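Structure assessment
Here is how the chains run, residue by residue.
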Amino acid sequence: MCEVTLERGAIPMSSALEREVVERVAWLERSYPGLSRCQAFLIGPEPFHRHGPFRLRLELQAGELEIVAAGRAEPQMSRALVSAFDCARRRLDEKLRRH
């Protein structure tokens, strides 16, 4: 099972966002069985700002491969999440094709 770590900096992650990250990591793990670690970092404006841009940065490990994926900066956290996991999927496909 893949180890998932959620890093909370200045921006707190809601429990719904945390669940979504864990669910998407589980999907990646089913698609890429070698996935062993995922760290998620939420990057955005100071806590008193309500609107983005937000960015989710993922650090993945699959065997000896280490992959960093950061999606586009988005005005909403949910869109930043989708963007980051789309980027992660593309990077995993690309790296695993090369090996």
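A short tour of the structure in this document, coming up. Here, residues in each chain are numbered from 1, in the same order as that chain's written sequence. Totals for whole chains, interfaces and linings use every residue, but because this is a predicted model, local features are given only for residues with pLDDT of at least 70 and side-chain atom pairs only at 80 or more, for both listing and counting. Computation of side-chain values covers all heavy atoms of the structure but excludes hydrogens and water.

**Details of the environment of cysteine 87**
As a reminder of what qualifies: Elements are defined by DSSP. Helices are runs of H or I of four residues or more, strands are runs of E of two residues or more, and each kind is numbered from the N terminus. Note on contacts: a residue pair qualifies if any of its non-hydrogen atoms lie within 4.5 Å across the two residues.
Here cysteine 87 lies in helix 2 (residues 77-98). Considered as a pair, cysteine 87 and glycine 71 are 16 residues apart in the sequence and their alpha carbons are 5.8 Å apart. Residue contacts for cysteine 87: discarding those within four places in its chain leaves Ala69, Ala70 and Gly71.

**Focus on helix 2**
The test is simple: Helices are assigned an expected span. That span is 1.5 Å times one less than the residue count. Burial classes: relative accessible area under 20% of the type maximum marks a residue as buried, over 50% as exposed, and values in between as partly exposed (1.4 Å probe, protein chains only).
If you check helix 2, its first and last C-alpha atoms are 32 Å apart, about what 22 residues at 1.5 Å a residue would give, namely 32 Å. Turning to helix 2, its buried residues number three or more, namely Ala80, Leu81, Ser83, Ala84, Phe85, Cys87, Ala88 and Leu92. The inward-facing, buried residues of helix 2 abut helix 1 (15-31), strand 3 (55-62) and strand 4 (65-70).

**Section: the side chain of glutamate 74**
Among the secondary structure elements, glutamate 74 is positioned in the loop between strand 4 and helix 2. Contact partners of glutamate 74, with chain neighbours within four places excluded, come to Gly52, Pro53, Phe54, Arg79, Ala80 and Ser83.

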